[in-house]
Amino acid sequence: MLVLGIESSCDETGVALYDTEAGLLAHHLHSQIAMHAEYGGVVPELASRDHIRRVLPLTQATLDEAGRQLTDIDAIAYTAGPGLAGALLVGASVANALAFALGKPTIAVHHLEGHLLSPLLADPAPSFPFVALLVSGGHTQLMAVHGVGHYELLGETVDDAAGEAFDKSAKLLGLGYPGGPALSKLADQGDATRFKLPRPMLHSGDLEMSFSGLKTAVLNLVKEQSPLNETTTADICAAFQEAIVEVLVKKSLAALKQTGLKRLVIAGGVGANRQLRAALDDAARKRRFEVFYPPLSLCTDNGAMIAHAGAKRLAFAQAAGSFSIQPRWDLASLPAVE
């Protein structure tokens, strides 16, 4: 079965083709970073309009790369939520229009499930069950994953997600938008021991997390050290990144111990962070568990994860036509795939 996937939940337009026999055939992605950078963050209306411009050319480019035609498609998967309402409507409308014209079914995909299952596209891929650390821009969650749709929430952030803390702290440091990657790059040049930043809820005794206080600590440090020079900025970045990584690693290890599982899967944009990967790889060697990551190109929002998740949910495909989006959508509400 050949599944076309369309991702348009925020500021990336992604399209991909996934074959249930041959795997991922092709995918294309357009990022809106340059457009939103001028405003210091995502402007929802601009995001929606740009998705309209990009989605059909990206679809054609993906088909061309895979050597397929629209008529070869068996089903169309699209991100139905969570995300920006207008942006979601673009992908949902295009997916259903194409599906209606082709007489094919559609599959409404949960954005976070796409991220959660994206490491299955890696080689080697993890097998169920596993603990998943989902660290995307707006979510940081630890889950026990026993199969597609069999998700048990173990812990999450009570305020800012890790990705949000990266971006907001970067803005405090004057690093522009999106600041997370810029902060990580500067952290590689800094001295993490110069400043001591808090590790919120590190010893809370549960798997909950909090990063808002860490962001506030960065704000106070910026005020104390103002005006910032390049060295001081790099040192603050290094201290901040080390604090985030230590919390994520310690909580992940606690989740493995609590569940008794021996496989850890990392998914979401922050999963591309080199220090996090190095720390988890080191812990895996010492604690004798396996750790898996999605390919770097699939850490951010992308169509491949939507096409792949859609292929896993072919049993829930519906006739094109009537559709809805869910800007807020609880992952635990998804039906299990038996």
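Attention here is on the structure that accompanies the text. (Residues numbered from 1 in each chain as written. Predicted model: local features only at pLDDT ≥ 70, side-chain atom pairs only at ≥ 80, totals over all residues. Heavy atoms only, no water.)

## Thoughts on the sheet that holds strand β5 (residues 105–110)
Line of reasoning, step 1. One open sheet holds the six strands; their spatial order is β3-β2-β1-β4-β5-β11, and the pairing between them is mixed. The open sheet has two free edges, formed respectively by β3 (23–31) and β11 (318–319), since each of these has just one partner strand.
Line of reasoning, step 2. In this structure, β5 lies alongside β11, joined through two bridges in antiparallel fashion. Directly across from Pro 105, in β11, lies its bridge partner Ala 319.
Line of reasoning, step 3. Most of the contacts of helix α3 (residues 85–102) go to strand β4 (residues 75–81), to which it runs at about 160 degrees, and overall it touches β1 (2–7), β4 and β5. (Pairing = 2+ DSSP bridges. Helix = DSSP H or I, 4+ residues; strand = E, 2+ residues; numbered from the N terminus. Contact = heavy atoms within 4.5 Å. Axes fitted to C-alpha atoms, helices over the stretch in contact; angles between N-to-C directions.)

## Some words on the packing of aromatic side chains
Line of reasoning, step 1. Under the criterion given, the structure shown has two aromatic pairs.
Line of reasoning, step 2. For the ring pair Phe 128 and Phe 130, a centre distance of 5.4 Å and an interplane angle of 20 degrees mean the geometry is stacked.
Line of reasoning, step 3. Under the relative-accessibility criterion, Phe 130 is labelled buried at 0%.
Line of reasoning, step 4. On the numbers, 5.1 Å between centres and 90 degrees between planes, the contact of Phe 166 with Phe 240 is edge-to-face. A residue pair is termed long-range when its members are at least 10 positions apart, and Phe 166 in helix α5 (residues 162–172) and Phe 240 in helix α8 (residues 230–259) qualify at 74 residues. Each member of the pair, Phe 166 as well as Phe 240, is classed as buried. (Phe/Tyr/Trp six-rings, centres within 6.5 Å; stacked < 30°, edge-to-face > 60°. Buried < 20%, exposed > 50% of the residue type's maximum accessible area, 1.4 Å probe, protein only.)

## Overview of the state of the cysteines
Line of reasoning, step 1. Applying the stated criterion to the full structure yields zero disulfides.
Line of reasoning, step 2. Unpaired in this structure, Cys 10 has its nearest cysteine sulfur neighbour in Cys 299, at a distance of 17 Å.
Line of reasoning, step 3. In this structure Cys 10 comes out as partly exposed when scored by relative accessible area, which is 23%. (Disulfide = S-S within 2.5 Å.)

## Some thoughts on the nonpolar core
Line of reasoning, step 1. Formed by 53 residues in total, the largest nonpolar core has its most connected members in Ile 76 and Tyr 151.
Line of reasoning, step 2. Counting residues domain by domain, this core receives three or more from each of domain 1 (2–117 + 298–333) and domain 2 (128–293).
Line of reasoning, step 3. The contacts of Tyr 151, once residues within four sequence positions are left out, are Glu 113, Leu 116, Leu 117, Met 143, Ala 144, Val 145, Leu 331 and Leu 334.
Line of reasoning, step 4. The next biggest cluster of nonpolar side chains, apart from the first, holds 52 residues, and it includes Leu 142, Ala 144, Leu 202 and Ile 244. (Core = buried A, V, L, I, M, F, W, Y, C linked by side-chain atoms within 4.5 Å. Domains from an automatic or database assignment.)

## A few points about the environment of Ser 212
Line of reasoning, step 1. Within the element layout of this structure, Ser 212 appears in helix α7 (residues 212–225).
Line of reasoning, step 2. On the basis of relative accessibility, which here comes to 21%, the residue Ser 212 falls in the partly exposed class.
Line of reasoning, step 3. Between the C-alpha atom of Ser 212 and that of Pro 119, which follows or precedes it by 93 residues, the distance is 28 Å.
Line of reasoning, step 4. Among residues more than four places away in sequence, those in contact with Ser 212 are Asp 159 and Asp 160.

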